[in-house]
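Descriptive structure summary
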Amino acid sequence: MVQDSEDQAPSVHPSTPARALLPSLLPAIVVGVLSSLVLVGVEVAAEQLQDVLWQTVPDALGIGRYSVAWMFAVLVATGIAVGLVVWKVPGHAGPDPATVGLEAPVLPLVVLPGLLLANALMLAGGPSLGPENPIIAANVGLTVWLGSRFVPRAPGRIWPALAEAATIGALFGTPVAAALAISEMLARRETRGMLWDNLFAPLTAAAAGSLTITLLDRPTFDLGLPSFGRAGWSDLVATIVVAAVGALLGMCGVRALPYAHRAFQWLRHPMLMLPAGGVVLGCLAAVGGHLTLFKGLDEMATLAHDPNGWSAGEFAVMTVVKLAALVVAASCGFRGGRIFPAVFVGTALGLCAHALVSGVHPSVGVAAGVLGVLLAITRQGWISLFVAAVLVAEPGIFALLCIASLPAWLLVTGRPQMQLREDGTSVR
């Protein structure tokens, strides 16, 4: 029996008319600008405090800026300061950071000042976390609160998407990163309409956020590594091997997180957990040196500026110490994200591969190392590919990374992620 032609036609999502998308344009732009201003405010405050802690005070005391004693003292003091915020400030600086990813929960407004304060103190004090998770959570909470009051007829689910996209666009200085991240999030949700209809408002917010941050700060992720020219078979083999090693190394950190988290949770109180984390981080800094402190962007630029300036053993020590510091900082209660320190881990790993095997070009090693580590830690393929490629800024690197991502993905998919449930078990 022959079916009607309508029954045989493939099902498609109907597109959204332009008149339905245009009203979201202005709110998206406003959210983009406000989200980037929150990010700039926190980072500027953190940088000012960092200069005081790591330059003004040690210079006045006649102590080496990055002496072992001073690194230990500042990291412990940072643990005490953040512990006080978590203990005493209303809202307790939000939920346990080990349980939060890029898709932030909608937090009450009273929680946000403490969360931003804890994040700024952490960024200035040196623990190995970035600004992304707390900034996204703060912008989501603020956007939902403002949106529900000034645009009450808008669907409530749009505000978190706008804030997340705007903050990611501001963090990376381009809306491309936000488009990739939001595309992965949409793939896990039931949506209506075509992909670009769903991306229209978030991409507008991301564009506004990235343009604002570019005008104010001009961020760049290009490490200025030497060009490797035309890719060859040896480059492909090196990319596959280093990315796979990076994925396995990242999975070591993922596996360690619940155990470290359980150990710190045994202390029960933030005024014990966070200072104890500061003590462990101080010990790690004594082993790895000052380049293993902070979120890692400036520090990995220092490494990339002189790829041959350290031995393979020194790069290996920095790789392992930074990963351990990331696990400790994420599990003891410091408020921060895991992407930026993971990028440092991948960079140090790639330069270690170059130091071990001179045939591994530093650009290839860095891009592959970052790809593998980020795949394991974030479990977001597009973001991992984007960050790895943008660090090198070579047109030929993207094809190598796409191929290398396939075996690396097989190593990490279906396994625990670097995020915990409230009961302390790993998310899969």
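Scoring rules and cut-offs
- Residues numbered from 1 in each chain as written.
- Predicted model: local features only at pLDDT ≥ 70, side-chain atom pairs only at ≥ 80, totals over all residues.
- Heavy atoms only, no water.
- Helix = DSSP H or I, 4+ residues; strand = E, 2+ residues; numbered from the N terminus.
- Expected span 1.5 Å × (residues − 1).
- Bend = angle between axes of the 7 residues up to and from the residue.
- Buried < 20%, exposed > 50% of the residue type's maximum accessible area, 1.4 Å probe, protein only.
- Contact = heavy atoms within 4.5 Å.
- 1 Å grid on protein atoms, 1.4 Å probe; cavity = no way out; pocket = protein on both sides within 12 Å on 5 of 7 lines; lining within 4 Å.
- Points joined across faces, edges and corners; volume = space filled by probe spheres on them.
- Nonpolar A, V, L, I, M, F, W, Y, C, P; charged D, E, K, R; others polar.
- Phe/Tyr/Trp six-rings, centres within 6.5 Å; stacked < 30°, edge-to-face > 60°.
- Lys NZ or Arg CZ within 6 Å of the ring centre and 35° of its normal.
- Core = buried A, V, L, I, M, F, W, Y, C linked by side-chain atoms within 4.5 Å.
- Salt bridge = Lys/Arg side-chain N within 4 Å of Asp/Glu carboxyl O.

Compared with the 22 Å implied by 1.5 Å per residue over 16 residues, the 22 Å span of helix H17 (residues 397–412) between its first and last C-alpha is a close match. Taking the largest bend as the criterion, H17 deviates by roughly 30°, centred on Leu406, and proline Pro407 comes between one and four positions later. Among all positions in H17, only Ile397, Leu400, Leu401, Ala404, Ser405, Ala408 and Val412 are buried. Within two residues after H17, Gly414 carries a phi angle of roughly 80°, on the positive side.

Here we come to the environment of Pro341. By the secondary structure assignment, Pro341 is in helix H14 (residues 339–356). For Pro341, a relative accessible area of 0% corresponds to the buried category. The spatial distance from the C-alpha of Pro341 to the C-alpha of Leu326 is 6.7 Å, given a sequence separation of 15 residues. Ignoring any residue separated from it by four or fewer positions in sequence, one finds Pro341 in contact with Ser128, Leu129, Gly130, Lys295, Lys322 and Leu326.

This brings us to the layout of surface pockets. The volume enclosed by the second largest pocket comes to roughly 610 Å³. Taken together, 26 residues form the lining of the second largest pocket, with Glu43, Glu47, Lys295, Leu297 and Asp298 sitting closest to its centre. Looking at the lining of the second largest pocket, the elements with two or more residues in it are helix H3 (25–61), helix H7 (158–172) and helix H12 (297–305). Counting residues per element, the lining of the second largest pocket draws most heavily on H3, at six residues. Class assignment of the residues belonging to the lining of the second largest pocket gives a composition of 15 nonpolar, three polar and eight charged.

We now examine the environment of Gly278. By the secondary structure assignment, Gly278 is in helix H11 (residues 270–288). Setting aside anything within four residues of it in sequence, one finds Gly278 in contact with Leu75, Val76 and Phe334.

It is worth spelling out the packing of aromatic side chains at this point. Per the stated rule, a full pass over the model turns up five aromatic pairs. Within the aromatic cluster, the residues linked to one another by ring pairs are Trp54, Tyr66 and Phe294. In this arrangement the basic side chain of Lys88 is found over the ring face of Trp87, its NZ or CZ atom lying 4.2 Å from the centre. When the ring centre of Phe340 is taken as origin, the NZ or CZ atom of Lys295, which lies over that ring, is 5.6 Å away.

Now for empty space enclosed by the protein. Per the stated rule, a full pass over the model turns up three cavities of 30 Å³ or more. When its volume is computed, the largest cavity comes out at roughly 100 Å³. Around the largest cavity, the lining comprises 13 residues; the ones closest to its centre are Pro95, Pro97, Val100, Leu115 and Pro134. Element by element, the count of residues in the lining of the largest cavity is highest for helix H6 (residues 132–150), at three residues. Residue composition of the lining of the largest cavity, grouped by class: nine nonpolar, three polar and one charged. In this model, the second largest cavity occupies a volume close to 50 Å³. Considering the residues around the second largest cavity, the lining is formed by Leu102, Glu132, Ile168, Leu171, Phe172, Ile339, Phe340 and Ile383. Elements represented by at least two residues in the lining of the second largest cavity include exactly H7 and H14. At three residues, H7 tops the list of elements feeding residues into the lining of the second largest cavity. Across the lining of the second largest cavity, the residue classes tally to seven nonpolar, no polar and one charged.

Quick look at the nonpolar core now. Ranked by internal contacts, the top residues of the largest apolar core, which has 131 residues, are Phe172, Phe334 and Val387. Among the elements that line this core, the one with the most residues is helix H13 (residues 312–332), at 12 residues. In contact with Phe172, not counting residues within four places along its chain, are Ala177, Phe221, Ile339, Phe386 and Val387.

Of note, the phi angle at Arg268 is positive, near 75°, even though the residue is not glycine. Tracing the chain through its elements places Arg268 in the loop between helix H10 (233–265) and H11.

Scanning all chains against the criterion turns up two salt bridges. Salt-bridge contacts for Lys295 lead to Glu43; the nearest nitrogen and oxygen are separated by 3.1 Å. Within this pair, whereas Lys295 is found in the loop between H11 and H12, its partner Glu43 is found in helix H3, the two being separated by 252 residues in sequence. We classify Glu43 as buried; its relative accessible area is 15%. Residue Arg65 pairs with Asp59 through a salt bridge whose shortest N-O separation is 2.7 Å. By relative accessible area, Asp59 is classed as partly exposed at 41%.

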